[in-house]
Amino acid sequence: MTHRVLISGCSGGGKSTLLAELERRGYAVVEEPGRRIVDEERKGDGAALPWVDMVRFAQRAVDMSRDDIQQTDHLPGPVFFDRGLIDAAVALAHASNIPLATTLGSDRPYADPIFFAPPWPEIFQQDAARRHDMASAIAEFERLTIAFAELGYATCNLPKAPVSLRADFVLDALGAA
């Protein structure tokens, strides 16, 4: 079994729903940094909302992701992350041209494979925290696909299936079922 398991991929692809199912089954999970930041910012001045200042938002996501990793190191594995440090570093690189290597250094915080939620237009929904459209979500997915490959991570696409089957797929792939 691996310790830190990352669920990444397309925005609106069912990652948070999958993490909720894994948590329901008794596994430790870490919620998406971006959603937590949006919730905090909406209660405050909103200066780091992604649609206000994407660089500031992405830097906060990088910092929060590093904290998440540190705070979960003591937990027995696997710990499932809904997005994380690499997703945040890719967003920061896209918004500011800061290279991934500058943000990540030699860190390799997650185990292989990275589970990837492919674009799934049938379930994609915009909401107060996800204001971007499907085309923007696909563009982000493509940036993530390139970045994970460049970083040498293996990725495993999640099936477009009910959440219980997706959770079974992840656990089977990890040898935890």
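Let me sum up the structure you'll find in this document. Owing to the predicted nature of the structure, the values given are computational and were not obtained by experimental measurement. (Residues numbered from 1 in each chain as written. Predicted model: local features only at pLDDT ≥ 70, side-chain atom pairs only at ≥ 80, totals over all residues. Heavy atoms only, no water.)

1. Focus on the packing of helix H1 (residues 15-24) against helix H7 (residues 163-174)
One can describe the packing of H1 onto H7 by two numbers: an axis separation of 9 Å at closest approach and a directional angle of 70 degrees. By the angle between their directions, the pair H1 and H7 is classed as roughly perpendicular. Contact residues: Thr17, Leu18, Glu21 and Leu22 in H1; Val163, Ser164, Arg166, Ala167, Val170 and Leu171 in H7. (Axes fitted to C-alpha atoms, helices over the stretch in contact; angles between N-to-C directions. Helix = DSSP H or I, 4+ residues; strand = E, 2+ residues; numbered from the N terminus. Parallel < 35°, antiparallel > 145°, perpendicular 65-115°, else oblique. Contact = heavy atoms within 4.5 Å.)

2. Topic: the pairing of strand E4 (residues 114-117)
Side chains of E4 alternate between two faces, with Ile114 and Phe116 and Phe115 and Ala117 buried alike. Pairing geometry for strand E1 (residues 4-9) and E4, over three bridges, is parallel. Note on E4: the bridge partner recorded for serine 8 is phenylalanine 116. Pairing of E4 with strand E5 (residues 155-157) involves three bridges; the strand directions are parallel. Each residue of the ladder has a partner; that of phenylalanine 116, found in E5, is asparagine 157. (Buried < 20%, exposed > 50% of the residue type's maximum accessible area, 1.4 Å probe, protein only. Pairing = 2+ DSSP bridges.)

3. Things to note about the nonpolar core
Residues Phe81, Ile86, Leu100, Tyr110, Ile114 and Phe148 are the most contacted members of the largest nonpolar core, which totals 33 residues. In terms of residue count, helix H4 (residues 85-96) provides more of this core than any other element does, eight residues in total. The contact partners of isoleucine 114, leaving out residues within four places of it in the chain, are Leu6, Ser8, Phe148, Tyr153, Ala154, Thr155 and Cys156. Counting residues in hydrophobic clusters, the runner-up holds 14 residues, among them Val5, Leu22, Cys156 and Leu158. (Core = buried A, V, L, I, M, F, W, Y, C linked by side-chain atoms within 4.5 Å.)

4. Remarks on the sheet that holds strand E3 (residues 79-82)
Judged by pairing direction, the sheet is parallel, and its five strands sit side by side in the order E2-E3-E1-E4-E5 without closing on themselves. The two strands at the open ends of the sheet, each matched to only one other strand, are strand E2 (28-30) and E5. Pairs of neighbouring strands in the sheet enclose a mean axial angle of 25 degrees, with direction left out of account.

5. Focus: the pairing of E3
Going residue by residue along E3, you find Val79 and Phe81 tucked away on one face and Phe80 and Asp82 tucked away on the opposite face as well. In the sheet, E1 pairs with E3 via four bridges, with the strands oriented parallel. Bridging across to E3, valine 5 finds its partner in phenylalanine 80. Taken together, the three bridges between E2 and E3 define a ladder with parallel strand orientation. Along E3, the bridge assignment pairs alanine 28 with valine 79.

6. Things to note about the pattern of salt bridges
Counted according to the given criterion, the structure contains eleven salt bridges. For aspartate 87, the salt bridge is made with arginine 83, and the minimal N-O distance between the two is 3.0 Å. For the pair aspartate 87 and arginine 83, one class covers both residues: buried. In this structure, arginine 108 and aspartate 112 form a salt bridge, with 2.9 Å as the shortest nitrogen-oxygen distance. Among the residues examined, aspartate 112 registers a relative accessible area of 36% and is labelled partly exposed. (Salt bridge = Lys/Arg side-chain N within 4 Å of Asp/Glu carboxyl O.)

7. Digging into the packing of aromatic side chains
A complete count under the given rule lists five aromatic pairs for this structure. Their ring planes at 90 degrees and their centres at 5.6 Å tell us that tyrosine 27 and phenylalanine 80 sit as a pair that is edge-to-face. Placement of the pair is tyrosine 27 in the loop between H1 and E2 and phenylalanine 80 in strand E3, with a sequence separation of 53 residues. Taking the centre distance of 5.8 Å and the plane angle of 80 degrees together, the rings of phenylalanine 148 and tyrosine 153 count as edge-to-face. The same class applies to phenylalanine 148 and to tyrosine 153, which are both buried. Grouped by ring-pair contacts, the aromatic residues Phe116, Phe141, Phe148 and Tyr153 constitute a single cluster. (Phe/Tyr/Trp six-rings, centres within 6.5 Å; stacked < 30°, edge-to-face > 60°.)

Remember, this is a structural readout, not a statement about activity or role.
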